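Working through the structure, step by step
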Amino acid sequence: MEDKNADVEHHSKAGSEKLNHDATMPGDLTQWDHAAEKRLLRKIDFRLIPFLSLLYLCSFLDRVNIGQARLDNLEKDLHLKGNQYNIALVVFFVGYVITEVPSNIALKWLKPSRWIPLIMLFWGITMTLMGVVHNFGGLVAARFCLGLAESGLFPGICFYLTMWYKRDEANFRVSLFFSAATLSGAFGGLLAYGISRMAGVGGKDGWSWIFIIEGILTFVIALAAPFMIDDFPEESRFLTAEEKDHCVRRLRADQGAAGEAPFAWSHLWAAVKDWNFSTSAFEYVAVYALIYIGVAEPLYSLALFTPTIIAELGHWTRPQAQLLSTPPYFLAFFITLASALYSDRLKKRGYFNIFWMTVVCIGYAIQLGVNPAKHPGAAYFGVFLCVGGVAPCISNTITWCGNNIGPVYKRATGMGILFTVGNSGGIVSSLVYITHDSPRYFRGHGCGLGFAFMAVALSTLMTITNSRENARRDALYGTTPSNALDSMSEADKGAQLKIWGLDGMTEEEITALGDRHPGFRYYP
């Protein structure tokens, strides 16, 4: 297996221009006390997180509201037969996964304040028009276009947040943003119940109004988005010049070699190349992607089919099934935030995946082991375990991958790959809950259990591998982090670069190393 030190040795011969940092740069991090740092962080939080969470709430509502619409005569009115409903679910994810990598690159090039509102306008229009389809073909076409339009939001904003927050701050913020999805599971049932009461207005059934109202809501929010979204810290409109400077410096101090670097196709290729096993095991983007699909498949299965599963637990009416799908997602909301806070505090990710996905495995085991008709309480408890366990692992896995990949364009590509592979789990989840498997749904629950177990196993692998690689670098190079050069004298810089084997390299060449830098350490 090829050692990453070969890359460092190759780069060390590539240039002769010496690093020339000024150790007494204005706006030094030491000039900011803890209280000032907290005030800056709160200012960023209040500007970014609420609106981004609202955007994802709209996105996830529009993505999974078809599960609620199904209870409102969607299949009957559109004359769906056999597995046509499942096909309508699948085509969304086909459109969704094929554009996630280019979308992340487009977000960096075109800037978030332009790209995000643009795709929101498209999916808001598509969602509204889905309320007026008359047959299976129209539903399939609308779902495919919806997937294309929505694909850039979630991966784009997750990447965007890594450009604003330090590594030990990111998981909580991504979790706040993602918690909008758990709220959509709770709020979606209540909203669908309310909107469905419009059945008969304009000659349309309740499912039609669910699509129309929620689509119009997205469109209106998209019109406000260009004025609410700032691009990146150095270009922000709400920070002072001093705050911008400090924000950039704190990110550089935290991310070090994994931070900003000029665009180069080699960074994109580096993320793709990490799929094969010729590189060291700790850098496998493919493994992170497989962990993510292990989490995403249960997530989408539960989001799309929880109302259907609950409807089979007893003699519930349609409104009761919609309302009973709400409590598990309220629990998931609080678990997601608590888990993220603790994960950021410990600066560890894998342990949380292992614990919570084990809870998901237990939940699916209960679903497989009990007859919901005879033991509805136990089956409903299993739903709580599955929903509550899977929710914190989405943001945790995304942050884990983003924490451990650099520089910035390599991170954008790697995270795009993560989302492309991971969200393919939506294709699987759309096909495994078949009507004639009711009420036990052995195929769907068994598939969810298998994916959850894979996430546990691979999270264990990556936790061990990252820890070993950190220990190896400590033994070879010492514990000096890659961002330490800024505070060193010229003599100390030269000595440290020699220890790392980077003497003789230009600053640009060193930055391009990203997570291959000898001073970079991975989050286990």
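That block above? That's the structure.
Note that residues are indexed from 1 along each chain, following the sequence as it is written. It should be noted that, the model being predicted, local features are given only for residues of pLDDT at least 70 and side-chain atom pairs only at 80 or more, the latter also being counted only at that level, while totals for whole chains, interfaces and linings use all residues. Side-chain calculation: all heavy atoms of the structure are included, whereas hydrogens and water are not.

Details of the overall build of the protein chain
Defined as follows: Segments assigned H or I by DSSP are reported as helices when at least four residues long, segments assigned E as strands when at least two residues long, and all are numbered from the N terminus. For each residue, the accessible area found with a 1.4 Å probe, counting protein chains only, is set against the maximum for its type, and the residue is called buried under 20%, exposed over 50%, and partly exposed in between. In this analysis, two residues are considered to be in contact whenever any of their non-hydrogen atoms come within 4.5 Å of each other. We get accessible surface area from the Shrake-Rupley algorithm with a probe of 1.4 Å; when it comes to residues, only the shown protein chains can shield them.
For the protein chain, the helix and strand inventory stands at 22 helices and zero strands. The buried share of the protein chain, reckoned over its 524 residues, is 60%. Sequence separation of at least 24 residues holds for 83% of the intrachain contacts in the protein chain that already meet a minimum separation of 6. As displayed, the protein chain has an accessible area near 19,900 Å², and 66% of this comes from carbon and sulfur atoms.

Describing the nonpolar core
Under the convention used in this document: We call a set of buried residues a nonpolar core when its members are Ala, Val, Leu, Ile, Met, Phe, Trp, Tyr or Cys and they connect through side-chain atoms within 4.5 Å of each other.
Membership of the largest hydrophobic core comes to 131 residues, with the highest contact counts inside it found for Leu55 and Phe154. The leading source of residues in this core is helix 13 (residues 285–311), at 17 residues. In contact with leucine 55, not counting residues within four places along its chain, are Ile116, Met120, Trp123, Leu153, Ile157, Ile221 and Ile229. Counting residues in hydrophobic clusters, the runner-up holds 10 residues, among them Ala484, Leu485, Leu497 and Trp500.

As for the environment of alanine 378
As for its placement among the helices and strands, alanine 378 is situated in helix 17 (residues 376–403). Of the residues examined, alanine 378 reaches a relative accessible area of 31% and is grouped as partly exposed. Taking the C-alpha atoms as reference points, alanine 378 and isoleucine 366, 12 residues apart in sequence, are found 7.3 Å from one another. Aside from chain neighbours lying at most four places away, what touches alanine 378 is Ile366 and Val370.

So, a nonpolar patch on the surface
For clarity, the threshold we go by: Patch membership requires over 30% relative accessible area and the absence of a salt bridge. Like charges are linked within 9 Å, and nonpolar side chains (Val, Leu, Ile, Met, Phe, Trp, Tyr) within 5 Å. Every case where a carboxyl oxygen of Asp or Glu lies within 4 Å of a side-chain nitrogen of Lys or Arg is listed as a salt bridge.
Taken together, the side chains of Ile125, Leu129, Val132, Ile216, Phe219, Val220 and Leu223 present a nonpolar region at the surface, about 590 Å² in accessible area. Those elements that provide at least two residues to the nonpolar patch are helix 6 (112–130) and helix 10 (206–228). Looking at which element gives the most residues to the nonpolar patch, the answer is helix 10, with four residues. One can find leucine 223 in helix 10. On the basis of relative accessibility, which here comes to 46%, the residue leucine 223 falls in the partly exposed class.

Thoughts on the packing of helix 4 (residues 84–97) against helix 19 (residues 425–432)
Put simply, the test is: Axis definition: a line fit to C-alpha positions, over the contact stretch in the case of helices; interaxial angles, taken between N-to-C directions, run 0 to 180 degrees. Working definition: roughly parallel below 35 degrees, roughly antiparallel above 145 degrees, roughly perpendicular at 65 to 115 degrees, and oblique for all remaining angles.
Running from N to C, helix 4 and helix 19 point in directions that differ by 180°, and their axes come no closer than 8 Å. Of the possible angle classes, the one that applies to helix 4 and helix 19 is roughly antiparallel. Along the contact surface, helix 4 presents Asn86, Leu89, Val90, Phe93 and Val94, while helix 19 presents Gly426, Ile427, Ser430 and Leu431.

Focus: the pattern of salt bridges
According to the stated counting rule, one finds 17 salt bridges in the structure shown. Between aspartate 45 and arginine 173 there is a salt bridge whose closest N-O contact spans 2.8 Å. Taken together, the positions of aspartate 45 in helix 2 (residues 34–70) and arginine 173 in helix 9 (residues 167–196) put the pair 128 residues apart, joining distant regions of the chain. Ionic contacts of the salt-bridge type, sharing partners, join the residues Glu37, Glu169 and Arg250 into one network.

Some details on the side chain of asparagine 470
To be explicit about the condition: Any pair of nitrogen or oxygen atoms within 3.5 Å is treated as a polar contact; in protein, a donor-acceptor pairing is required on top of that, and neighbouring residues in sequence qualify only through side-chain atoms on both sides.
Counting through the fold element by element, asparagine 470 comes out in helix 20 (residues 442–477). Take asparagine 470: its relative accessible area is 11%, and that puts it in the buried class. There is a polar contact of 2.7 Å between the side chain of asparagine 470 and the backbone oxygen of tyrosine 522. Those residues in contact with asparagine 470, other than ones at most four positions away along the chain, are Arg521 and Tyr522.

Thoughts on helix 20
Threshold: Every helix has an expected span of 1.5 Å times one less than the residues it contains.
Between its first and last C-alpha, helix 20 extends 52 Å over 36 residues, near the 52 Å set by a 1.5 Å rise per residue. After helix 20 finishes, the residue glycine 478 shows a positive phi value of roughly 85°.

Focus on unusual backbone geometry
Here the amide bond leading from serine 438 into proline 439 is cis, since omega sits at 0°, within 30 degrees of zero. Relative to the helices and strands, proline 439 is located in the loop between helix 19 and helix 20. A positive phi angle is found at histidine 79, which is not glycine, with a value near 55°. Along the chain, histidine 79 falls in the loop between helix 3 (74–77) and helix 4. Positive phi values are uncommon outside glycine, yet lysine 347 reaches one of about 60°.

Some remarks on helix 5 (residues 100–110)
Burial in helix 5 covers these residues: Glu100, Ser103, Asn104, Ile105, Ala106, Leu107 and Lys108. At the exit of helix 5 stands lysine 111, carrying a positive phi of roughly 80°.

Here's the deal with the environment of isoleucine 398
Within the secondary structure, isoleucine 398 is located in helix 17. For the pair isoleucine 398 and phenylalanine 159, spaced 239 residues apart in sequence, the C-alpha separation works out to 9.0 Å. If sequence neighbours within four positions are ignored, isoleucine 398 has contacts with Phe154, Cys158, Tyr292, Met415, Leu418 and Phe419.

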